[in-house]
Amino acid sequence: MTTNLLVKVLVTVGSAASIGFGVWHFFVPTWWKWYSYIDPSATELVLAVRAINAFFSLSLVLFGVVNVLLVCGGRSNRYSIVVVLAATCVLWLTRVVFQLVYPQGSANPILQYGMLAAFIVVFLCYAASLAIVALGKPLA
């Protein structure tokens, strides 16, 4: 497998997962009844949680789409790809660290460690792509 193809596969896998997490996260507050844990009179808190979740969800989707467009589109340069992959790596590494320090899904070890494994895989897809692009030949 050529390095260009490897980068495209890794970015596509990482981006598909990122987009999937983003789309899924739009529905999480309803499915997990987030707002039932907040005092109904705390309307500003409900609005803040809703806004943060929408921003987070949309960010995951957009980063996934932008990465695929840059790497697979064939019209971008190495610098733009490295910048966006680096930003994406920082975001996913932060998510991995948060899952280690403040684990979600801790009521169910399968969920907790499954989430951690998924976050690590996504991070590694992007990190490996970043290393290949930054240290290798320009993408064709």
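One can find the structure itself at the top, above this paragraph.
Quick look at the structure, then. (Residues numbered from 1 in each chain as written. Predicted model: local features only at pLDDT ≥ 70, side-chain atom pairs only at ≥ 80, totals over all residues. Heavy atoms only, no water.)

### So, the nonpolar core
Ile81, Leu85, Trp92 and Tyr126 are the most contacted members of the largest nonpolar core, which totals 19 residues. Every element with two or more residues in this core is listed here: helix H1 (3–31), helix H2 (43–73), helix H3 (78–101) and helix H4 (109–135). Excluding anything up to four places from it in sequence, Trp92 contacts Ser18, Phe21, Leu60, Phe119, Val122, Phe123 and Tyr126. (Core = buried A, V, L, I, M, F, W, Y, C linked by side-chain atoms within 4.5 Å. Buried < 20%, exposed > 50% of the residue type's maximum accessible area, 1.4 Å probe, protein only. Helix = DSSP H or I, 4+ residues; strand = E, 2+ residues; numbered from the N terminus. Contact = heavy atoms within 4.5 Å.)

### Comments concerning the packing of H1 against H4
Viewed as axis vectors pointing N to C, H1 and H4 meet at an angle of 145 degrees, and their least axial separation amounts to 9 Å. Our pair here, H1 against H4, has a crossing hand that is left-handed. Here Thr3, Leu6, Val7, Leu10, Val11, Val13, Gly14, Ser15, Ala17, Ser18 and Phe21 of H1 come into contact with H4, specifically with Ala118, Phe119, Val122, Cys125, Tyr126, Ala128, Ser129, Ile132 and Val133. Looking at side-chain class alone, the contact of H1 with H4 contains 15 nonpolar, 5 polar and no charged residues. (Axes fitted to C-alpha atoms, helices over the stretch in contact; angles between N-to-C directions. Left-handed = near helix turned anticlockwise from the far one by under 90°. Nonpolar A, V, L, I, M, F, W, Y, C, P; charged D, E, K, R; others polar.)

### What about H2?
Residues that lie three or four places apart on an α-helix share one face, since the helix turns once every 3.6 residues. Spanning 31 residues, H2 covers 43 Å between terminal C-alpha atoms, matching the ideal 45 Å at 1.5 Å per step. Among the residues of H2, Val46, Asn53, Ser57, Leu60, Val61, Gly64, Asn67, Leu70 and Val71 are the ones counted as buried. Packing partners of the buried residues in H2 comprise H1, H3 and H4. Two residues or fewer after H2 comes Gly74, characterised by a positive phi angle close to 75 degrees. (Expected span 1.5 Å × (residues − 1).)

### Description of the layout of surface pockets
Here the largest pocket is characterised by a volume of approximately 1,100 Å³. Within the residue set of the lining of the largest pocket, elements represented by two or more residues are H1, H2, H3 and H4. Among the elements that take part in the lining of the largest pocket, H2 stands out by supplying 8 residues, more than any other. Here the lining of the largest pocket is composed, by residue class, of 21 nonpolar, 8 polar and 1 charged. (1 Å grid on protein atoms, 1.4 Å probe; cavity = no way out; pocket = protein on both sides within 12 Å on 5 of 7 lines; lining within 4 Å. Points joined across faces, edges and corners; volume = space filled by probe spheres on them.)

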